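Structure assessment
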Amino acid sequence: MIATERILEGSRYARCIASSKRVRWDIDEDVIRGRHFDAAHKFLPDGLSLADAFTTLSPDEKRFVSQIQGRTYANIFGLVERFINAKVLELGRDHALGDQEAVEALVRFSDEELKHQALFRRVEAMVGEVLPDGYRFDIDPDAVARVVLGKCTWAVLVLTLDIELFTQAHYRQSIDPDAELSGLFKDVFLYHWKEECQHAILDELELARHDATLMAKGRDRAVDEFWLPQWMEF
């Protein structure tokens, strides 16, 4: 039974590798494609910005709210991917002298997360060219990462899996269906979504692998570390 489970897990790592190769994209050639952001369009959909609920705002003001929130939304992803990548590199060492498919899958995961961070830095610079001065997002991603990575692996993996899953839900349920969004902003999250799909599978595989090493008391402590108030140290 254990051998069968290992074969099945191995095949899932292999499928993630195949998916990574199939959907791989380039920031300039596939996503940006020489385009620029246009302040005439919304960035974040109403389903996420909730700007349509601001009854005292004009349509132009609601669009501006969506642009500010969309800018912050992109910056938050760039921030969280700092600690996600650090944890993925750590997990890869667990497989280094064993399952080489797992190693390759996690190396690809790390490479894609680095690319995503670069993409969101580009988005911030490009949005800054078309929106008014005065915006600030001065949270230190390394400081956040140090706090998060100070928690146990189980808690970090659960948080990471949650992020990967809501990323997919946000894209499919809110971003993709909104025809009024900036085409460039929508494409940023389309291509991000394409690679996050297999990241969620890898998160689940690594979480299950780590969870199997815990006794009941250790898992209880891990759940305690996951509770949101304990992440707010930064």
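Analysis parameters
Residues numbered from 1 in each chain as written. Predicted model: local features only at pLDDT ≥ 70, side-chain atom pairs only at ≥ 80, totals over all residues. Heavy atoms only, no water. Salt bridge = Lys/Arg side-chain N within 4 Å of Asp/Glu carboxyl O. Helix = DSSP H or I, 4+ residues; strand = E, 2+ residues; numbered from the N terminus. Buried < 20%, exposed > 50% of the residue type's maximum accessible area, 1.4 Å probe, protein only. Core = buried A, V, L, I, M, F, W, Y, C linked by side-chain atoms within 4.5 Å. Contact = heavy atoms within 4.5 Å. Arc of directions from axis to C-beta. Polar contact = N/O pair within 3.5 Å; in protein donor to acceptor, adjacent residues only side chain to side chain.

This part is about the pattern of salt bridges. Opposite charge on two side chains makes pairing possible when the charged atoms of those side chains draw close. Summed over all chains, the structure comprises 18 salt bridges. Here Asp-28 makes a salt bridge to Arg-122, at a shortest N to O gap of 3.0 Å. With a gap of 94 residues between them, Asp-28 in helix α2 (residues 27–32) and Arg-122 in helix α5 (residues 100–128) connect regions that are remote in the sequence. Under the relative-accessibility criterion, Asp-28 is labelled partly exposed at 42%. For Arg-122, a relative accessible area of 30% corresponds to the partly exposed category.

As a further point, take the nonpolar core. Within the largest apolar cluster, 53 residues are counted, with the highest numbers of intra-cluster contacts made by Phe-37, Phe-83 and Phe-189. Listing elements by their share of this core, those giving two or more residues are α1 (2–23), α2, α4 (59–95), α5, α6 (141–149), α7 (153–175) and α8 (183–211). Element by element, the count of residues in this core is highest for α8, at ten residues. Residues in contact with Phe-37, not counting those within four places in the same chain, are Phe-43, Val-123, Met-126, Val-127, Val-130, Ser-182, Leu-184 and Phe-185.

The subject of this paragraph is α6. Taken as a whole, α6 has its buried residues at Pro-141, Val-144, Ala-145, Val-147 and Val-148. Along the long axis of α6, the arc covered by the buried residues comes to 165 degrees, so they all point the same way. In the core, the buried residues of α6 are packed alongside α4 and α7. The residue sitting at the N-terminus of α6 and contributing the capping side-chain oxygen is Asp-140; that oxygen lies 2.9 Å from the backbone nitrogen of Asp-142.

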